[in-house]
Protein chains: 2
Amino acid sequence: MSPDPHAQAMLNALGRGDVLSPECPSRAVLQHLTSRWGVLVMAVLATGTYRFAALRRRIGGVSERMLAQTLQQLESDGFVRRRDHGEVPPHVDYSLTPLGHEAAQHLVALVGWIEGNIAAITARAA
Amino acid sequence: MSPDPHAQAMLNALGRGDVLSPECPSRAVLQHLTSRWGVLVMAVLATGTYRFAALRRRIGGVSERMLAQTLQQLESDGFVRRRDHGEVPPHVDYSLTPLGHEAAQHLVALVGWIEGNIAAITARAA
DNA sequence: CGATATACTTACAAAAATGTATGTACTTCC
DNA sequence: GGAAGTACATACATTTTTGTAAGTATATCG
């Protein structure tokens, strides 16, 4: 019997996901976490709670639109928690959920490694 | 004195990078490693040496074009080593460099975590 | 002999990501 | 009173990414 892609999809219903199969939801989650701004948002939030504008100031280059979009994505995946203090002018802050902290841990490790080795990398890059 | 972006760029020349500043080369490297196919290529190569076609079969959904592009990117960053056996029909294989293995370690951890927790994630996703 | 496999590249087209500008309702600082 | 800050949404334009199809030279398989 050859490997059936449908069987793989079933695997992740009861067991563990498989990022190598395109239909597996883990593939989508991976993309959200590793998206251009997703990584940075997670890394910063791993540091603490931030308000929207503060987060934006911290992450160089994000537009409001992208930050909002990224936060919503991560929130709907359950990695980020948004708290609206119901004040006016608006006061909202963002932090990581426990699940978010677990994921962020790996992202932070990756980012940290890159930052620490960037000299070696660029030194010998083609 | 307010934080000068130029000073930040200098920091990474002698010291450590800062992904949060847009001009820092570490930002680009991060994007290569976390690109849609970059993560998967690295994760698979962490497993061993592969020929182009084998890699493509392993990673569900990559087009030849994207795989080639991704591999070239990772090669020029020094994470992947390409070996052409100079035969015809062509025989080329890809593997990780020592630097690549270090980076891949974090990627594999992330991917592993997602695969292992995908049930919990999708269960409570909005 | 025709199909299949190998490792790509290139041109073209479609889709997705991202940026820019504007608006909202209200408050505080100068 | 005017400017700036707060947290976004929305429309529109542009840029970037990604996919598709075709082509290359040769060897092996049936």
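Please refer to the structure placed before this passage.
Computed from a predicted model, the values in this text were never measured in an experiment.

(A) The overall build of chain A, seen in detail. A tally of helices and strands in chain A yields 6 helices and 3 strands. The linear arrangement of helices and strands in chain A, starting from the amino end, is α-α-α-β-α-α-β-β-α. The buried share among the 126 residues of chain A stands at 43%. Within chain A, contacts between residues separated by at least 24 positions form 43% of all contacts whose residues are at least 6 apart in sequence. Accessible area of chain A: about 6,500 Å², with a carbon and sulfur share of 55%.

(B) View of the pairing of strand β3 (residues 92-96) of chain A. All names here are of chain A. For β3, the buried fraction is high: 5 of the 5 residues fall into the buried class. Covered by surrounding structure in β3 are V92, Y94 and L96 together with D93 and S95, the residues of both alternating faces. When strand β1 (residues 50-51) meets β3, the two strands line up antiparallel, connected through 2 bridges. Following the sheet pairing, Y50 is matched in β3 by Y94. By the bridge criterion, 5 bridges tie strand β2 (residues 80-84) to β3 in an arrangement that is antiparallel.

(C) Spatial organisation of the protein's contact with DNA strand D. Lining the immediate environment of DNA strand D, one finds 20 residues, of which R57, E64, R82 and Y94 of chain A together with M66 of chain B sit closest. For DNA strand D, the fraction of protein-proximal atoms (within 4 Å) that sit in sugar or phosphate groups is 65%. Separating a phosphate oxygen of DNA strand D from a side-chain N or O atom of R51 of chain A is a distance of 2.7 Å. Within the contact set of DNA strand D, a phosphate oxygen lies 2.7 Å away from a side-chain nitrogen or oxygen of R57 of chain A.

(D) Expanded view of the relation of the copies chain A and chain B. Mapping chain A onto chain B is achieved by rotating through 180 degrees and translating by 0.0 Å along the same axis, at an RMSD of 0.0 Å. Taken together, the rotation and translation relating the two chain copies correspond to the operation of a two-fold axis. The position closest to the rotation axis in chain A is occupied by the C-alpha of T34 of chain A, lying 2.7 Å away.

(E) Looking closely at the packing of helix α3 (residues 38-45) of chain B against helix α6 (residues 98-124) of chain B. Residue and element names in this part refer to chain B. As a packed pair, α3 and α6 sit with axes 9 Å apart at the nearest point and diverge in direction by 105 degrees. The pairing of α3 with α6 is recorded here as roughly perpendicular in orientation. The residues of α6 that touch α3, namely those facing V39, M42 and A43, are G100, A103, A104, L107, V108 and V111. Looking at the contact of α3 with α6 residue by residue, the classes come out as 8 nonpolar, 1 polar and no charged.

(F) The arrangement of the environment of P22 of chain A in detail. Tracing the chain through its elements places P22 of chain A in the loop between α1 (5-14) and α2 (25-33). When its relative accessible area of 40% is taken as the criterion, P22 of chain A is described as partly exposed. Not counting residues within four places of it along the chain, the set of residues in contact with P22 of chain A comprises R27 of chain A together with G60 and G61 of chain B.

(G) Inspection of the packing of aromatic side chains at higher detail. Tallied over the full model, the rule gives 2 aromatic pairs over all chains. Geometrically, the ring pair formed by W113 of chain A and F79 of chain B is tilted, given 6.3 Å between the ring centres and 50 degrees between the ring planes. Of this pair, W113 of chain A sits in helix α6 (residues 98-124) while F79 of chain B sits in the loop between α5 (64-76) and β2 (80-84), on two different chains. Here W113 of chain A and F79 of chain B have matching classes, each one buried.

(H) The interface of chain A and chain B, seen in detail. Contact with chain A, which involves 47 residues of that partner, is made by 47 residues of chain B. Note on chain A versus chain B: buried area summed over both sides is about 4,200 Å², and carbon and sulfur give 69% of it. Among the residues chain A hides against chain B, the three largest losses belong to L20, W113 and E115 of chain A. Together they make up 16% of the total. For the interface between chain A and chain B, the tally reads 2 salt bridges. The partner of R16 of chain B in a salt bridge is E115 of chain A, with the nearest N and O atoms 3.2 Å apart. Linking chain A with chain B are 14 residue pairs in polar contact (both at pLDDT 80 or more), by the criterion used here. Listing elements by their share of the side of chain A that touches chain B, those giving two or more residues are α2, α3 (38-45) and α6 of chain A. No other element matches α6 of chain A, which puts 18 residues into the side of chain A that touches chain B.

Thresholds applied
Residues numbered from 1 in each chain as written. Chains lettered and ligands numbered in written order. Predicted model: local features only at pLDDT ≥ 70, side-chain atom pairs only at ≥ 80, totals over all residues. Heavy atoms only, no water. Helix = DSSP H or I, 4+ residues; strand = E, 2+ residues; numbered from the N terminus. Buried < 20%, exposed > 50% of the residue type's maximum accessible area, 1.4 Å probe, protein only. Contact = heavy atoms within 4.5 Å. Areas by Shrake-Rupley, 256 points an atom, 1.4 Å probe, with all protein chains shown as cover. Pairing = 2+ DSSP bridges. Near = heavy atom within 4 Å. Polar contact = N/O pair within 3.5 Å; in protein donor to acceptor, adjacent residues only side chain to side chain. Least-squares fit on C-alpha atoms with pLDDT ≥ 70 in both. Axes fitted to C-alpha atoms, helices over the stretch in contact; angles between N-to-C directions. Parallel < 35°, antiparallel > 145°, perpendicular 65-115°, else oblique. Nonpolar A, V, L, I, M, F, W, Y, C, P; charged D, E, K, R; others polar. Phe/Tyr/Trp six-rings, centres within 6.5 Å; stacked < 30°, edge-to-face > 60°. Buried area = accessible area lost by both parts, 1.4 Å probe. Salt bridge = Lys/Arg side-chain N within 4 Å of Asp/Glu carboxyl O.

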